[in-house]
Amino acid sequence: KTRKSFMKRMLFSILTVFCVCGLMAAQVELTYTFADKHEEKKTVSVTPDAKGVVTVIVKRSQLPQGVEWVSVLPDFATAKVGEEGYYVTPDGFLGTFRLQNGAYMIGGPSVVHGRNYMPIFGMKNPRATFVGIVATMRFEYDLHVRAKEGVYTIAPRFRVAGFVPPDDIVIHYHLLEGRNADYAGMARAYRNYQLLREVCKPISVRIKEQPELDYAARCPEIRIRQGWKPAPSPVMEQSLATEPPMKVAVTFDRVGDILDALKRVGVKRAQLCLVGWNQKGHDGRWPQMFPVEEALGGEAKLRRLIRKAHRMGYRIVGHTNSSDGYSIANVWDWDLPVKRQDGTPYSHAVWSGGRMYSLCPQRVFERFYPQDIRKVADLGFRGLHYIDVITIVQPPRCFDPNHPCTPKESAMWFDRILAACKDHIGGVSSEGGFDYACGNLDYALYVYFGGLSGKHNAMHDRLVPIWQLVYNGIILNNPFTETVNAPAKDLFTQTKLVEFNGRPTFYIYSKFKSDNKNWMGEIDLRCATDEELKQTVACVKKGYDEFEALSDLQFEFMEQHEQLAPNVFRTAFSNGAEIICNYTDSDYVHKGQIIAPNRYRLFR
């Protein structure tokens, strides 16, 4: 009965979002790019349905012979310089129509580390507001935003040649009007699309059978990097004879001291994640996990630590990796890595274990799941178990003839890995926000990589919480790499965490790389001395206290986000609460209340 009521409410909501913007046919330009790089264009006419949805279908069986790429551009997905409106990309960027010329691409098949976290994009212009939802081939397209001679376009470009799934291209363009004609309306349309298809469920529904998620939603995440070898490693293919020594930073006994210190200052709830508990520490010998690292205290002390955490009312989980591997692992087999088209194993990085190979998700699942995760669960871990990397990278394409995988198939195997962890440990988290895993993922360590720092494309105006507008109340998240350890950082960073309604995340020894590439920022938490431990716990307590007043918003949908004035933003939730964030140099007054510079105020 409850489920039927929920679905009726969602159906009513989606019908109000998908409005009818007339029944005039849209003209859709298809651009075919061939192997010799020449292009041919074709225009097709598509009429919106009764809900205001323009569905474009490009059948693979009707593609011209020799075509490699197909770009899809409806006539309403264009704007001119100087017009009112903006475009929105799935990695959180909004850009107004300011430039005569410029380009921005979100890579899918063209890159390894894509940012196509959700298969959506949108535009608001004087003629239409829409969100495009890529229903098929979601891993087979790059998204292109272009300004050329004063004309803006936003269009997906699909790869249709080579080793790709045999799907037609299907894109749903939802035309939006009234209060829905903004980027929050775009997000709501996609959220409703996801919920109606039942590919994910709200946190408020899942916690009835998942107490670990209920606990995590009300507390901060504290990650502790316990030990690591040099990263990047000076030894590419390590052996037992050439393996560099591991630095011991936090033993299991010292983690026990952290628990005691948290309890003393009044942090009643927290989930700890042990990073590097496994053999030779963080990124030591994946996919090998066991034995538990002896230099940290070994398995007996780890089990004792886990029991202590449970007695004190804390959750504690481990960090594992199911997508990367090193040849030093005692379970290594050259059948495991993803293979390029020429049959060579795929590697694109060097970390603590040496040359890091991307592992085929199918082979990993078949070889190590669920038996390995059962061993991890047997240690006593309970909570939102963390698997590194999976949801922050484009699912790989594997050409190995013994286990060929398209990205679509790799995503399916990755999702089965996440599901196995949830089944045995109570919940699962990973590194990023790729939403093919939205049905199993409980928490994303960071959604936007490098969003607050670094140089952005000149076409972008600002970041907006497009991901959070879709998934707040469905998946817990910390919004940015830079908002890790936020209470120790500047007021701007602290306020951004709240504006995007992030779950506070702390990382003890976030800085560890020998090349000083510290993507979580230069401000670190440490615990080598009692004074460092005191400072670290004080930082956690500060974030914990602030989150106490906000944690109920983790269970709500984020319904609206808008700019009230230059550098002043409003975030509103389904329970009627709103947060006003002021990034100006002077006080801002809202409903008679003053918000100080670089601070926020919660209104209920």
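Here's a quick rundown of the structure. (Residues numbered from 1 in each chain as written. Predicted model: local features only at pLDDT ≥ 70, side-chain atom pairs only at ≥ 80, totals over all residues. Heavy atoms only, no water.)

The subject of this paragraph is the packing of helix α8 (residues 371-378) against helix α9 (residues 407-425). It is at 9 Å that the axes of α8 and α9 come closest, and there the two elements cross at 30°. The interaxial crossing formed by α8 with α9 has right-handed handedness. Seen from α8, the contacting residues are Ile 373, Arg 374, Val 376 and Ala 377; seen from α9, they are Ala 420, Cys 421, His 424 and Ile 425. In terms of residue class, the contact of α8 with α9 is built from six nonpolar, one polar and one charged. (Axes fitted to C-alpha atoms, helices over the stretch in contact; angles between N-to-C directions. Helix = DSSP H or I, 4+ residues; strand = E, 2+ residues; numbered from the N terminus. Left-handed = near helix turned anticlockwise from the far one by under 90°. Contact = heavy atoms within 4.5 Å. Nonpolar A, V, L, I, M, F, W, Y, C, P; charged D, E, K, R; others polar.)

Let us now look at the sheet that holds strand β29 (residues 568-573). Strand order in the open sheet made by the four strands is β28-β29-β30-β33, with antiparallel pairing throughout. Where the open sheet ends on each side, the last strands, each with one partner, are β28 (558-565) and β33 (599-603). On average, adjacent strands in this sheet sit at an angle of 15° to one another, irrespective of strand direction. By the bridge criterion, five bridges tie strand β30 (residues 578-582) to β33 in an arrangement that is antiparallel. Paired with Ile 580 across the two strands is Arg 601, which belongs to β33. Contacting β28, β29, β30 and β33, helix α11 (residues 491-499) crosses the sheet at an angle of about 25° to β33. (Pairing = 2+ DSSP bridges.)

Counting buried positions along β29 gives six out of six residues, so the element sits mostly inside the fold. Taking every second residue as pointing to the same face, both faces of β29 are buried, with Val 568, Arg 570 and Ala 572 on one and Phe 569, Thr 571 and Phe 573 on the other. As paired strands, β29 and β30 are joined by five bridges and run antiparallel to one another. Its bridge partner lying in β30, Arg 570 is registered against Ile 580. Connecting β29 to the antiparallel partner β30 that follows it, the hairpin turn spans four residues, and Gly 576 within it adopts a positive phi of roughly 95°. (Buried < 20%, exposed > 50% of the residue type's maximum accessible area, 1.4 Å probe, protein only.)

What follows deals with the pattern of salt bridges. Per the counting criterion, the structure on display carries 39 salt bridges. Between Glu 212 and Arg 382 there is a salt bridge; the shortest N-O distance is 2.9 Å. With Glu 212 in helix α4 (residues 211-217) and Arg 382 in the loop between α8 and β22 (383-388), this pair connects stretches of sequence that are 170 residues apart. A relative accessible area of 30% places Arg 382 in the partly exposed class. Here the residues in one salt-bridge network are Glu 562, Arg 570, Glu 578 and Lys 591, joined through shared partners. (Salt bridge = Lys/Arg side-chain N within 4 Å of Asp/Glu carboxyl O.)

Another point: the packing of aromatic side chains. If you walk through the whole model with that rule in mind, you get 33 aromatic pairs. Aromatic pair Phe 121 and Tyr 173: ring centres 6.0 Å apart, planes at 75°, arrangement edge-to-face. One end of the pair, Phe 121, is in strand β9 (residues 120-124); the other, Tyr 173, is in strand β13 (residues 169-175), with 52 residues separating them in the sequence. For the ring pair Trp 334 and Tyr 357, a centre distance of 5.1 Å and an interplane angle of 85° mean the geometry is edge-to-face. Taken together, the residues Trp 334 in the loop between β19 (324-325) and β20 (347-351) and Tyr 357 in strand β21 (residues 354-358) connect sequence positions 23 residues apart. The ring of Phe 512 carries the charged tip of Arg 225 above its face, separated from the ring centre by 3.8 Å. The side chain of Arg 503 reaches across the aromatic face of Tyr 443, ending 4.7 Å from its centre. (Phe/Tyr/Trp six-rings, centres within 6.5 Å; stacked < 30°, edge-to-face > 60°. Lys NZ or Arg CZ within 6 Å of the ring centre and 35° of its normal.)

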